[in-house]
Amino acid sequence: MAVRQFIEAIHDALAEEMKRDDRVFVLGEDVGVRGGVFRVTAGLIEQFGEERVLDTPLAESAIVGVSIGAAARGLRPVAEIQFADFIMPAVNQILSEAARMRYRSNGDWSCPIVIRAPFGGGVHGALYHSQSVETLFTHFPGLKVVVPSSPADAKGLLVSAIRDPDPVLFFEHKRLYRLIKEEIPEGEYSVPIGSAKVRREGDDVTVIAYGLAVQFALEAAAKLSEEGISTHVLDLRTLRPLDEHAIWESARKTGKVLVVHEDNKVCGVGAEVSATIAEHCLFDLDAPIQRLCGPEVPAMPFSSVLEKEYMLSADKIANAIRTLARY
Amino acid sequence: MSSELPRHREVGLTDEDVLAMYEKMLLARTVDERMWVLNRAGKIPFVISCQGQEAAQAGAGFALDPAMDLIAPYYRDLCLVLIYGHSARDELLSAFAKAEDPNSGGRQMPGHFGDRQRNILTGSSPVGTQIPHAVGMALASKMRGEKSVSLVSFGEGTSNQGDFHEAANFAGIHKLPVIFFCENNQYAISIPVKKQIACENVADRAASYGFPGVVVDGMDAVEVYAVVKAAVERARRGEGPTLVEAKTYRLVPHSSDDDDRSYRSREEVAEARRGEPIERMRSYLTSVGLMDETKDAELRAKILAQVNEATEYADKAAPPDVSTLMKHVFAEGGTETNGRSTIH
């Protein structure tokens, strides 16, 4: 089995899907000759040519809008938004168009597009290169929202996203790009959208997380096992549709739930996760549900000190688990 | 009649074509007027009109090949979608929001066209969002080496949206086979064109995207045909987009919920009516010997019968079944059911 970084796994999924299906093409700012500002699409233009690795003008609404039109004609566009922070000009296209083309046409038209965007902080990106924007999209029926936390999942979920008949937002935590590598399966495989995964079995406290927070939670869990605290870690992987059965099962497993995300708390994914647990397994709980999330400020500052204060860490998660374990 | 060819033949339209254009224009006007009557009678909740823009749409529609060319219409394009194969019945089914409405099965307001089988892209209410879609359809056509073009229509107010600029710029760079068709009806609800754009014509904007912009008398179907036909041929040759601005006039309020007396004078509207497109077409056809009073009366009677039949059919047709509310959020077998998320 090959060991691949998170970023390499995403690149591989794109290259393999483009090779498998000539309807698949990528478009975005600097994705071609430059190979992407993070180098996700490096080498694709040499392999597939400039028509299928399309450097676009700097205009996010057109990137998404043109993708929608191309998909309507049977192509399978994978659009890159250079930073999730810059998706805002395309939000009308995503919410008013992509999310409802199937519904509004009574099933006549559809919109099989993927929108990839690096998100998240911890890279000195300050207010406009660090944000978590996923909840802008999880509220809207008609969209699927995927956030992988490991190289193997990143590849398998992107393959599923490209093959999906509906629009998928694929958010890549940019801190993960070169932070982690792992062995990924040989050959063609996919990971289903809408399915969470238990990353670590445990009995005392359940942590439910996604993206970079999963890696921090696993680090915290390893540390806490030395203190005799057993942590169960569920990686959501898909934020819409949420894998509610897996959430309930993990909540029942320990009776103590900590939801962790880098995005701020109010109306975040943690609120929906907490609500579904409250609706379906309140009487299986031994403690109030806890949420550890980004603070309620507009975005994370540039100053390293302030950024660190904003960001999650294994230590912060470990402290929250300890408190819950003692409850 | 002089020995010169009539104008329509000079631009490549046969006598049958120009008569068919007139019939579609008249059908659009009759359906449109019927919807207002139904609205005022409390039978349908909403109408948005094409009145005044029939010639522009007929000219554009006849310049395209509905079998291969795609359209991304906007909410006033009733005449255009009738040319693309919809019937009076189809559009009245939409007005009554009935299950059989081919645009949306009664999900969308009237004027929100769409029909995949007929190459009509589904549209929405936020203005201008369809413009990049048409560019994407043209991109697909170019990538596959097909000859099909796409035409996207919109009003002059919409030409101020970022999506217009972003899409036109994208299409210009890649020389895509797309026609930007602006139906300038002089008003964006109440705001007159002089408060919408600082340049004289919307078409002037094309220069900055690197392709031609053409102004045409949008009350003259034959003139519009000639201009759009040239744009279609240019697109098919791989030479890129054209922005066509058809100067028209919106003869009625913005919609059934608008009262245009508050922002424009009756004199202005009466003056515009003197140049209205249906009458101009009838007068042209008469001048070239293709129409007379008897023929016109027969045609109008035939169309009225069609619209009467369509109204009765649509009124009696079944509404969508309430059990269909949750359908088509995702592909069948998709990942959400009952409005609550579940796994596969």
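Residues numbered from 1 in each chain as written. Chains lettered and ligands numbered in written order. Predicted model: local features only at pLDDT ≥ 70, side-chain atom pairs only at ≥ 80, totals over all residues. Heavy atoms only, no water.

Once that is clear, we can look at the sheet that holds strand 4 (residues 76-80) of chain A. All names here are of chain A. A sheet is described by the order of its strands in space; here 7 strands give the open sequence 3-2-4-5-7-6-12, paired in mixed fashion. With one partner strand each, in any of the chains shown, strand 3 (53-55) and strand 12 (238-240) form the two edges of the open sheet. Taking each pair of neighbouring strands and ignoring which way they run, the sheet shows an average axis angle of 20°. Packing of helix 3 (residues 60-72) onto the sheet brings it into contact with strand 2 (24-28), strand 4 and strand 5 (114-119), and relative to strand 4 it is tilted by some 170°. (Pairing = 2+ DSSP bridges. Helix = DSSP H or I, 4+ residues; strand = E, 2+ residues; numbered from the N terminus. Axes fitted to C-alpha atoms, helices over the stretch in contact; angles between N-to-C directions. Contact = heavy atoms within 4.5 Å.)

Looking now at the environment of A90 of chain A. You can see A90 of chain A is positioned in the loop between strand 4 and helix 4 (91-97). Linking A90 of chain A and T138 of chain A, residues 48 residues apart in sequence, is a C-alpha distance of 16 Å.

Turning to the sheet that holds strand 2 (residues 150-155) of chain B, a few remarks are in order. All names here are of chain B. In spatial order, the strands read 1-2-3-7-6; together these 5 strands make up an open sheet with parallel pairing. Of all the strands in the sheet, the pair left with one neighbour each is strand 1 (70-72) and strand 6 (213-217). Taken pair by pair, the neighbouring strands of this sheet meet at an average axis angle of 20°, ignoring direction.

With that out of the way, let us pick up the packing of helix 3 of chain A against helix 7 (residues 162-174) of chain B. Relative orientation of the contacting elements helix 3 of chain A and helix 7 of chain B amounts to 70°, with a least axis distance of 9 Å. Judged on the interaxial angle alone, helix 7 of chain B and helix 3 of chain A are roughly perpendicular. Contacts from E60, S61, A62 and V66 of chain A in helix 3 of chain A reach D163, E166 and F170 of chain B in helix 7 of chain B. (Parallel < 35°, antiparallel > 145°, perpendicular 65-115°, else oblique.)

Let's shift gears to the interface of chain A and chain B. Taken residue by residue, the interface counts 51 residues in chain A and 48 residues in chain B. Around 4,300 Å² of area is buried between chain A and chain B when both sides are counted, 58% of it from carbon and sulfur atoms. When the buried area of chain A at its contact with chain B is split by residue, R73, Y103 and W109 of chain A rank highest and sum to 19% of it. The interface formed by chain A and chain B holds 1 salt bridge in total. Between R73 of chain A and E146 of chain B there is a salt bridge; the shortest N-O distance is 2.6 Å. Applying the counting criterion to the chain A and chain B interface returns 21 residue pairs in polar contact (both at pLDDT 80 or more). Mapped by element, the contributors of at least two residues to the side of chain A that touches chain B are strand 3, helix 3, helix 4, helix 5 (101-104), helix 9 (244-254) and helix 10 (269-281) of chain A. Here the side of chain A that touches chain B takes 9 residues from helix 3 of chain A, the largest share from any one element. Per-class residue counts for the side of chain A that touches chain B are 20 nonpolar, 15 polar and 16 charged. (Buried area = accessible area lost by both parts, 1.4 Å probe. Salt bridge = Lys/Arg side-chain N within 4 Å of Asp/Glu carboxyl O. Polar contact = N/O pair within 3.5 Å; in protein donor to acceptor, adjacent residues only side chain to side chain. Nonpolar A, V, L, I, M, F, W, Y, C, P; charged D, E, K, R; others polar.)

Our next topic: the domain arrangement of chain A. By convention, interface size is frequently given as the accessible area that disappears when the constituent parts associate. All names here are of chain A. If you check the domain split of chain A, you get domain 1 (2-184) and domain 2 (197-326). Relative placement of domain 1 and domain 2: their C-alpha centres are 26 Å apart. Counting from both sides, the interface comprises 32 residues of domain 1 and, opposite them, 24 residues of domain 2. Of the roughly 2,200 Å² buried between domain 1 and domain 2 on both sides combined, carbon and sulfur atoms contribute 55%. Linking domain 1 to domain 2 there are 2 salt bridges. Inspection of the domain 1/domain 2 interface yields 15 residue pairs in polar contact (both at pLDDT 80 or more). Of all the secondary structure elements, the ones that give two or more residues to the side of domain 1 that touches domain 2 are helix 6 (135-138), strand 6 (144-146) and helix 7 (151-163). Residue classes in the side of domain 1 that touches domain 2 are distributed as 14 nonpolar, 14 polar and 4 charged. (Domains from an automatic or database assignment.)

For the rest of this paragraph, the subject is the side chain of E97 of chain A. Considering the arrangement of structural elements, one finds E97 of chain A in helix 4. Of the polar contacts made by the side chain of E97 of chain A, one reaches the side chain of R104 of chain A; its length is 2.9 Å. There is a polar contact of 2.8 Å between the side chain of E97 of chain A and the side chain of T129 of chain B.

Further remarks concern the packing of aromatic side chains. Each aromatic ring pair is summarised here by two numbers: the centre-to-centre distance and the angle between the ring planes. Under the definition given, this model contains 14 aromatic pairs over all chains. The interplanar angle of 65° and the centroid separation of 5.6 Å between the aromatic rings of F83 of chain A and F86 of chain A together place this pair among those described as edge-to-face. Here a set of aromatic residues connected by ring pairs shows up, and it is made of F6, F38, F83, F86 and Y177 of chain A. One Lys or Arg, R7 of chain B, reaches over the ring of Y284 of chain B and ends 5.0 Å from the middle of that ring. Directly above the aromatic system of Y313 of chain B lies the positively charged group of R89 of chain B, at a separation of 3.6 Å from the ring centroid. (Phe/Tyr/Trp six-rings, centres within 6.5 Å; stacked < 30°, edge-to-face > 60°. Lys NZ or Arg CZ within 6 Å of the ring centre and 35° of its normal.)

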